[in-house]
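Report on the structure
The primary structure of each chain is shown beneath.
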Amino acid sequence: VTPGVELNSGGTSGVPSIQLGDLLEPVNLAVLWNTAWIEAAVIAAVVIVDAGLRERRRARRGSSR
Amino acid sequence: VPVVSESLPLRRVAARTRLDFWFDAAILVGNTVAYSYGFTGVVIHEWLGIALGIALLLHITLHWDWVVRTTGRLLRPRGPDKLIWLVNLALLFAMTLCVASGILISRVALPELRISLPLDDPFWDRVHTLTAEVTLGLVPVHVALRWRWIAGVGRPVRPGPGGHGRAPGRGGDARG
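Not measured: the values here are computed from a predicted model. (Residues numbered from 1 in each chain as written. Chains lettered and ligands numbered in written order. Predicted model: local features only at pLDDT ≥ 70, side-chain atom pairs only at ≥ 80, totals over all residues. Heavy atoms only, no water.)

1. A word on the overall build of chain B
A count of helical and extended segments in chain B gives eight helices and two strands. In sequence order, the secondary structure elements of chain B are arranged as α-α-α-α-α-α-α-β-β-α. Counting the 176 residues in chain B, one finds 40% classified as buried. Surface accessibility of chain B: about 10100 Å² in total, with carbon and sulfur atoms responsible for 69%. (Helix = DSSP H or I, 4+ residues; strand = E, 2+ residues; numbered from the N terminus. Buried < 20%, exposed > 50% of the residue type's maximum accessible area, 1.4 Å probe, protein only. Areas by Shrake-Rupley, 256 points an atom, 1.4 Å probe, with all protein chains shown as cover.)

2. A closer look at the confidence of the model for chain B
Residues and elements named next belong to chain B. Residue-level pLDDT values for chain B average 82, and 77% of them are 70 or greater. When pLDDT is averaged over each helix and strand of chain B, the minimum, 44, is found for helix α8 (residues 171-174) and the maximum, 95, for helix α6 (residues 122-144). Throughout residues 171-176 the model reports pLDDT below 50, and contacts reaching past four residues in sequence, or to other chains, amount to 32 contacts. The complex model carries a pTM of 0.77, and its ipTM stands at 0.75. (pLDDT = per-residue confidence, 0-100. Contact = heavy atoms within 4.5 Å.)

3. Topic: the interface of chain A and chain B
Across the boundary between the two partners, chain A contributes 26 residues, which contact 28 residues of chain B. The contact between chain A and chain B buries some 2200 Å² in all, and 72% of this surface belongs to carbon and sulfur atoms. Our enumeration of links across chain A and chain B arrives at zero salt bridges. Here chain A is connected to chain B by four residue pairs in polar contact (both at pLDDT 80 or more). Of all the elements, helix α2 (residues 26-64) of chain A adds the most residues to the side of chain A that touches chain B, at 15 residues. Grouping the amino acids of the side of chain A that touches chain B by side-chain chemistry returns 17 nonpolar, six polar and three charged. (Buried area = accessible area lost by both parts, 1.4 Å probe. Salt bridge = Lys/Arg side-chain N within 4 Å of Asp/Glu carboxyl O. Polar contact = N/O pair within 3.5 Å; in protein donor to acceptor, adjacent residues only side chain to side chain. Nonpolar A, V, L, I, M, F, W, Y, C, P; charged D, E, K, R; others polar.)

4. Some remarks on helix α4 (residues 82-104) of chain B
Compared with an ideal rise of 1.5 Å per residue, which puts 23 residues at 33 Å, α4 of chain B spans 33 Å between its outermost C-alpha atoms and is within 8% of the ideal. Of all the residues in α4 of chain B, the buried ones are Ile84, Trp85, Val87, Asn88, Leu91, Ala94, Met95, Cys98, Ser101 and Gly102 of chain B. (Expected span 1.5 Å × (residues − 1).)

5. What about the environment of leucine 145 of chain B?
Considering the arrangement of structural elements, one finds leucine 145 of chain B in the loop between α6 and α7 (147-154). Its relative accessible area of 12% is what places leucine 145 of chain B among the buried residues. Sequence separation of leucine 145 of chain B and leucine 83 of chain B is 62 residues, and the distance between their C-alpha atoms is 9.0 Å. Leave out the neighbours within four places in its chain, and leucine 145 of chain B touches Val46 of chain A together with Leu83, Ile84 and Val87 of chain B.

6. Quick notes on the packing of aromatic side chains
All names here are of chain B. Under the definition given, this model contains three aromatic pairs over all chains. Consider the rings of phenylalanine 21 and tryptophan 149, whose centres lie 6.4 Å apart with planes at 45°: the pair is tilted. Of the two residues, phenylalanine 21 is situated in helix α1 (residues 10-35) and tryptophan 149 in helix α7; the sequence distance between them amounts to 128 residues. Since its relative accessible area comes to 22%, phenylalanine 21 is described here as partly exposed. Pairing phenylalanine 123 with tryptophan 124 gives two aromatic rings, centres 5.0 Å apart and planes at 75°, and the pair type is edge-to-face. An aromatic cluster is present here, built from Phe21, Trp22 and Trp149 joined pairwise through their rings. (Phe/Tyr/Trp six-rings, centres within 6.5 Å; stacked < 30°, edge-to-face > 60°.)

7. Observations concerning the pattern of salt bridges
All names here are of chain A. Under the counting rule described, the total for this entry stands at three salt bridges over all chains. When the shortest N-O distance is used, the salt bridge between arginine 54 and aspartate 50 registers 3.1 Å. Pair noted here: arginine 54 and aspartate 50 are both in helix α2, with a separation of four residues, about one helical turn. Here aspartate 50 falls in the buried class, since its relative accessible area comes to 12%. A salt bridge links glutamate 55 to arginine 58, with the nearest nitrogen and oxygen atoms 3.4 Å apart. With glutamate 55 and arginine 58 both in helix α2 and three residues apart, the pair spans about one turn of that helix. On the basis of relative accessible area, glutamate 55 is assigned to the partly exposed category, the value being 45%. Exposure remark for arginine 58: the relative accessible area of 46% places this residue in the partly exposed category.

Put into structure tokens, the structure is as follows:
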């Protein structure tokens, strides 16, 4: 099965007329999962780096007193 | 310290913060779904992209005070939020181009609105793909740079000495 929800009528015209079940097909869900994973990984990386930098700055400020 | 107007009742500030939080969360989810073309298919992808364009305008409007304030402080040597300002500018540029190029190459939504653009240029396809990828990279950075605000919204309100709680600052005031 090719990823991407196929329209059930009207070719590629019209407003969405799809079944929710189509979206939840494993082959389609895998694409969403992949995108969500990339975003979560970038968020986690930035948060870790930012928290580390803040901690280092705080420690430096603490030791200079 | 939350940067909120003292005259604003706390309840109203909290309501605005909640609005910012949930609206931004919806944009994040919408962006994730819209990027997953293989998940949505062309129809949902195009309508969701147009909705995201409108949401982007609303998001900037809601945080316009942050844009003005931070831009005004950029030249100060120790001015805050320089990195966030740059990321936001790049994201604005990429997302605007992404939505605009998506509209230009639309195969479903525009014909449905009885609008036809005589554009059959692969250039806009490439622009759309490139800006979508840049957006996918910048959106989580944009979110993550405000993780302290996000964590603050989830934290219960701390009671102050006068019995007043301290809520996280309004999205428009405390973040971009």
